[in-house]
Structures are given as structure tokens and as C-alpha cells.
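# Architecture at a glance
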Amino acid sequence: MMNYSSRPPEEPAVHAQDLTVVRGSRPVLRGLGFTVPRGRITGLLGPSGCGKSTLMRAVVGTQAKVTGTLDVLGRPAGHPSLRTRIGYVTQAPSVYDDLTVRQNLDYFAAILDPGKTGADRRHDVERVLADVDLTGHADSLAGTLSGGQRSRVSLAVALLGTPELLVLDEPTVGLDPVLRRDLWQLFHRLAEDRGATLLVSSHVMDEAERCHRLLLMRAGEVLAEGAPEALRTRTGADTVETAFLRLVDEAAAAARTEESTR
Ligand SMILES: Nc1ncnc2c1ncn2[C@@H]1O[C@H](COP(=O)(O)OP(=O)(O)OP(=O)(O)O)[C@@H](O)[C@H]1O
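The rules behind the values
- Residues numbered from 1 in each chain as written.
- Predicted model: local features only at pLDDT ≥ 70, side-chain atom pairs only at ≥ 80, totals over all residues.
- Heavy atoms only, no water.
- Pairing = 2+ DSSP bridges.
- Helix = DSSP H or I, 4+ residues; strand = E, 2+ residues; numbered from the N terminus.
- Axes fitted to C-alpha atoms, helices over the stretch in contact; angles between N-to-C directions.
- Contact = heavy atoms within 4.5 Å.
- Parallel < 35°, antiparallel > 145°, perpendicular 65-115°, else oblique.
- Nonpolar A, V, L, I, M, F, W, Y, C, P; charged D, E, K, R; others polar.
- Expected span 1.5 Å × (residues − 1).
- Buried < 20%, exposed > 50% of the residue type's maximum accessible area, 1.4 Å probe, protein only.
- Salt bridge = Lys/Arg side-chain N within 4 Å of Asp/Glu carboxyl O.
- Arc of directions from axis to C-beta.
- Phe/Tyr/Trp six-rings, centres within 6.5 Å; stacked < 30°, edge-to-face > 60°.

The name an unreviewed UniProt entry gives the protein is ABC-2 type transport system ATP-binding protein, with Streptomyces albogriseolus as the organism.

Right under this line is the structure:
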């Protein structure tokens, strides 16, 4: 079994306090505080435009104008030592269309760890091909793959370095239900068998139940964090979607009360 994490499980993978991000001239994340526990799947859920991608970019260290505290795997976000410890998959699959799937993976494996022997690199490539269920398409040109297959190639690239933290921006968009289920099974295997931490965004609330823990976001703020069941119990809701709507209503009522007492 591969050991993805060498740190004590009690230290969170991500810790944010008073985290603010300005894009253009306006703050799109405002004073966020949250943690992402190690070895678990944390779902980042909220409507389109609420700031999920921005938060992920801040965690992986590619976002400008970030203030407040943001520690990732025990280091400040963006620290050079984190580069090989984090796998990041954006919404736009980054693969070369004129290379086959295996050639893409060979190429990225060589860049990621030029010191590895050819045999070790080939082993890594076969491992990630199997992880994302693309062994049968290994010799297809990336340009001939479907959208879902291309995004699985991107995920395979992120898995090459056996990262401790995987940050996946809407990885299941456009996938059919069978592929979505398979991908979630893979996420659980990565967390449970290898101890990886996953931060997975989605705006599809029914994916919430597949996560160990949720960060519910709205309009640049974290409305609530906790296990799906705890959030449902706290709000007296049957589903996370209803829990989310109740939390939105509660926040709006609290804002109105604050306004009227000013
Ligand atoms: N380059 C940019 N310059 C200025 N504002 C931006 C830029 N990119 C995004 N924004 C704004 O930041 C806010 C958060 O965007 P972000 O992409 O993080 O949301 P999201 O929750 O990931 O949305 P989606 O689910 O649609 O991907 C939005 O209001 C968006 O308009």
C-alpha cells in the first residue's frame, strides 16, 4: 500500500483564517475560515460564481491578491515545497491532442520527476491509467477522446506524483452516471487505501452525500462546514440541498436582523 501522508492525521491538510481574495477590483472571497482534514474527501459545494475555483486556486498557490492565513500541508499556500505534494485538476483538461494518452502521461511523468528511471516512470503511467480506467484507450490520440475521457487523462496526470492533496475542480461535470460513480469510487479508494486528502468542488448537490465532509459556500463566504449528516441534522433537512437552502434563509434572516438593529 502506498503511503501518501507522512504527517500526523490530526493536523489539517488545509487551514484558513480570515482568508480574502480580490479579483479585478472586488473581493470574491471574504474573511473565510475553515479546515480540510487529512485523509478525507471534502466537498466544496455552492452555486456557480460563489468562489469555488478561486478558493481552489488559492489553496494550490496560483491565485493573486490573497490575504489572511492559508496553510496547506503545514506550509503557507504557494510554498515551493508544496509543488510536488499537491495534484490539481482544473475545469479545462490540459492534455496534448496530438499525443496519445500514454505519450501524454510519459511526457508529464518525465517533467514531474526527471530523476526517475524509465522503468519506474512506465510503472507510474500504467498505475494511473488503471486508476482512471483508461488502459484500453492508452494508445488513442487525446484529441479523439470524449470530454469525460480527456478530463480523466488530466486526473491521471495529477495522480502521477502520488500527491498527498488532490484539488479537483468539478471533476465529474459532463460525465455519465456510471463514470461519475466510478470516479467517486476512485476518490474513496485514494482517501481510504492511500491516505490522500481530496478537495473536490461541485455545484451538484447530490454529490454532497459522497463526501466525508462539506464546505457549503455562497457569494464568497462559507455558510457552513461539517459532515453531510451533521448538516442535515442541524437544519432538520432530508437532503443536503434542503439543508443548504435553509442555511441560506438563516443567513439572510440574520443579515436582516443585523441591518434593522443598526
Ligand atoms: N479573472 C477574473 N477577474 C475578475 N473576477 C473574476 C475573474 N474570474 C472570476 N471572477 C469572479 O469571481 C467570482 C468567483 O468565481 P469562481 O470562478 O471562483 O466561481 P465558481 O464558484 O468556481 O463558479 P463555477 O461553479 O461557475 O465554476 C465570480 O463572481 C466571478 O465573476
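After that view of the structure, there is still more to cover.
Here strand β9 (residues 213-218) pairs with strand β10 (residues 221-226) via 5 bridges, running antiparallel. Looking at β10, one finds that L215 is bridged to E225. In textbook terms, the turn of a hairpin is the stretch between consecutive antiparallel strands, and for β9 and β10 this stretch comprises 2 residues, one of which, A219, has a positive phi near 45°.

Attention now goes to the sheet that holds β10. Taken in spatial order, the 6 strands make up an open sheet running β6-β7-β8-β3-β9-β10, and their pairing is mixed. Each having just a single partner strand, β6 (86-89) and β10 make up the two edges of the open sheet. Taking each pair of neighbouring strands and ignoring which way they run, the sheet shows an average axis angle of 15°. Both strand β3 (residues 41-45) and strand β8 (residues 197-202) contribute to a ladder of 5 bridges, which runs parallel. Bridging from a neighbouring strand, T42 pairs with L199 of β8. On the sheet, helix α1 (residues 52-60) packs against β3, β6, β7 (165-168), β8 and β9 and is oriented at approximately 155° with respect to β8. Most of the contacts of helix α5 (residues 177-194) go to β8, to which it runs at about 155°, and overall it touches β3, β7 and β8.

This brings us to the packing of helix α4 (residues 147-159) against α5. Viewed as axis vectors pointing N to C, α4 and α5 meet at an angle of 5°, and their least axial separation amounts to 13 Å. Relative to α5, the element α4 is oriented roughly parallel. Side by side, α4 and α5 meet where R152, L155 and L159 of the first sit next to L179, L183, L186, F187 and L190 of the second. Residue composition of the contact of α4 with α5, grouped by class: 7 nonpolar, no polar and 1 charged.

When the terminal C-alpha atoms of α4 are compared, their 19 Å separation across 13 residues agrees well with the 18 Å that a helix rising 1.5 Å per residue should span. Judged by how many residues are buried, α4 sits mostly within the fold: 12 of 13 residues are covered. Residues of α4 that are buried: G148, Q149, R150, S151, R152, V153, S154, L155, A156, V157, A158 and L159. As for α4, its buried residues are in contact with β6, α2 (101-112), α3 (118-131), β7 and α5.

Tallied over the full model, the rule gives 16 salt bridges. With its nearest N and O atoms 3.0 Å apart, the salt bridge here joins E11 to R38. Placement of the pair is E11 in the segment before β1 (14-23) and R38 in the loop between β2 (26-36) and β3, with a sequence separation of 27 residues. Residues D139 and R102 are paired through a salt bridge, measuring 2.8 Å at the closest nitrogen-oxygen approach.

For α2, with 12 residues, the first-to-last C-alpha span of 16 Å sits near the 16 Å given by 1.5 Å per residue. Along α2, the residues classified as buried are V101, N104, L105, F108 and A109. Along the long axis of α2, the arc covered by the buried residues comes to 130°, so they all point the same way. Where α2 is buried, its residues touch α3 and α4.

Here the structure, examined in full by the defined rule, presents 4 aromatic pairs. Ring geometry for Y107 and F108: centres 5.3 Å apart, planes at 70°, overall edge-to-face. Among the aromatic residues, ring-to-ring pairing joins Y96, Y107 and F108 into one connected group.

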